[in-house]
Structures are given as C-alpha cells and as structure tokens.
Amino acid sequence: MTDCIFCKIVAGDIPAKKCFEDDLVLAFHDIHPLRPTHILVIPKKHIASLADVGTEDEPVLGRMLSVAQKLAAENGSGDGFRCIINTGRVGGQEVPHLHLHILGGPEPVGPMVKNLKE
Ligand code: AMP
Ligand code: ZN
C-alpha cells in the first residue's frame, strides 16, 4: 500500500525507532508514547486491521504475540505489560495497518477501559 504510513516504515521510506525485525514482523517505538514502554509490532505485509485477517495470516499473528515478551523485557517492562490491538471505528483504530501496542514500564498500566456506566 503506497499511501500507508506503516508500509512506508517497513519500506524504509520514513524513519522509525526500530527495535526488532524478522521475516514477518517489524517493531518500533510509538512516536507518541503513552507509557515508558510503548512499542508497536506490525506485520510487514499490509493487513488493514484485525477485522481483515484470514487463516493464512496465523503465522504472522502468532509471531506478533510471541515477540512481545522479549520486546517488553528488553525495553523496561520485565514485570508485565499490556498488549492492545485497536480495531476499526469502535476499537478506535487510527492507523489502518494492523498493529499490536505493547505498553508498560515500571508502574502498572492502569484500568483496562473506562466503564461507560460509571
Ligand atoms: P491506533 O490508534 O491503535 O491506530 O494507534 C496508532 C499509533 O500509531 C498511535 O499510538 C500513534 O502515536 C502511532 N504512530 C503514528 N504514526 C507513527 C509513526 N510515524 N511512528 C511511530 N508511531 C506512529
Ligand atoms: Zn500498510
């Protein structure tokens, strides 16, 4: 996808603070970190969102999760972390290229989501 910002990072056309790369995935630090650790793990292949995956994507989905513990531990979150995949309008997804947020740091990340009834 030529106009996708994360595809441009994969291609090296725009810079990113990369922290891991293999044949299937790329990880880099979020440009606007919400916690001391805030890393994005993306498939190198353009997949718009978790609503667009098929069974053929299971290897890359598994890789995205299996690298998370290593990246968290290496980047200040050895005592736990949270993974989030925002999906579509309701999920609050802003960048339409599938990405896994890894959030952490020395302190607990906090409540999972706000209860709308409170
Ligand atoms: P989401 O709301 O789940 O789509 O999250 C998109 C994330 O991408 C946000 O946390 C942004 O700060 C992050 N982001 C957008 N552009 C870049 C970029 N060029 N480099 C690193 N992170 C980015
Ligand atoms: Zn893309």
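As a starting point, this report considers the structure included with it. (Residues numbered from 1 in each chain as written. Chains lettered and ligands numbered in written order. Predicted model: local features only at pLDDT ≥ 70, side-chain atom pairs only at ≥ 80, totals over all residues. Heavy atoms only, no water.)

**Remarks on the overall build of the chain**
Stage number 1. A count of helical and extended segments in the chain gives 4 helices and 5 strands.
Stage number 2. Along the chain, helices (α) and strands (β) appear in the sequence α-β-β-β-α-α-β-α-β when read from the amino end.
Stage number 3. The C-alpha radius of gyration computed for the chain amounts to 14 Å, which stays within 12% of the reference 13 Å derived for 118 residues, consistent with globular compactness.
Stage number 4. Each principal axis of the C-alpha atoms in the chain carries an extent, and together these give about 40 × 35 × 25 Å.
Stage number 5. With 118 residues in all, the chain has 33% of them scored as buried.
Stage number 6. Contacts in the chain between residues far apart in sequence, at least 24 positions, make up 54% of those at least 6 positions apart.
Stage number 7. Of the roughly 7,400 Å² that the chain leaves accessible, carbon and sulfur atoms contribute 57%.
Stage number 8. Averaged over its 12 positive side-chain charges, the chain has a centre that lies 4 Å from the centre of its 15 negative ones. (Helix = DSSP H or I, 4+ residues; strand = E, 2+ residues; numbered from the N terminus. Rg over C-alpha atoms; globule rule 2.2 N^0.38 Å. Buried < 20%, exposed > 50% of the residue type's maximum accessible area, 1.4 Å probe, protein only. Contact = heavy atoms within 4.5 Å. Areas by Shrake-Rupley, 256 points an atom, 1.4 Å probe, with all protein chains shown as cover. Lys, Arg positive; Asp, Glu negative; His and termini not counted. Charge placed at Lys NZ, Arg CZ, Asp CG, Glu CD.)

**Brief notes about the site of ligand 1**
Stage number 1. Close to ligand 1 lie 16 residues, the nearest being Asp30, Asn86, Glu94, His99 and His101.
Stage number 2. For ligand 1, an oxygen atom lies 2.9 Å from a polar atom in the side chain of Asn86.
Stage number 3. Residue Val95 places a main-chain N or O atom 2.9 Å away from an oxygen atom belonging to ligand 1.
Stage number 4. Coverage of ligand 1 by the protein amounts to 86% of the 500 Å² it exposes when considered alone.
Stage number 5. Take the shell around ligand 1: its biggest share by element is 3 residues, from helix H1 (residues 5–11).
Stage number 6. Split by residue class, the shell around ligand 1 holds 7 nonpolar, 7 polar and 2 charged. (Near = heavy atom within 4 Å. Polar contact = N/O pair within 3.5 Å; in protein donor to acceptor, adjacent residues only side chain to side chain. Nonpolar A, V, L, I, M, F, W, Y, C, P; charged D, E, K, R; others polar.)

**A short note on the packing of aromatic side chains**
Stage number 1. Under the criterion given, the structure shown has 1 aromatic pair.
Stage number 2. When the centroid spacing of 5.4 Å and the interplanar angle of 80 degrees are considered together, the rings of Phe6 and Phe28 count as edge-to-face. Taken together, the residues span a long stretch of sequence, with Phe6 in helix H1 and Phe28 in strand S2 (residues 25–29) at a distance of 22 residues. Of the two residues, Phe6 and Phe28, both sit in the buried class. (Phe/Tyr/Trp six-rings, centres within 6.5 Å; stacked < 30°, edge-to-face > 60°.)

**Things to note about the environment of Ser66**
Stage number 1. Along the chain, the position of Ser66 falls in helix H2 (residues 58–66).
Stage number 2. On the basis of relative accessibility, which here comes to 43%, the residue Ser66 falls in the partly exposed class.
Stage number 3. Sequence separation between Ser66 and Ile84 is 18 residues, and the spatial gap between their C-alpha atoms is 14 Å.

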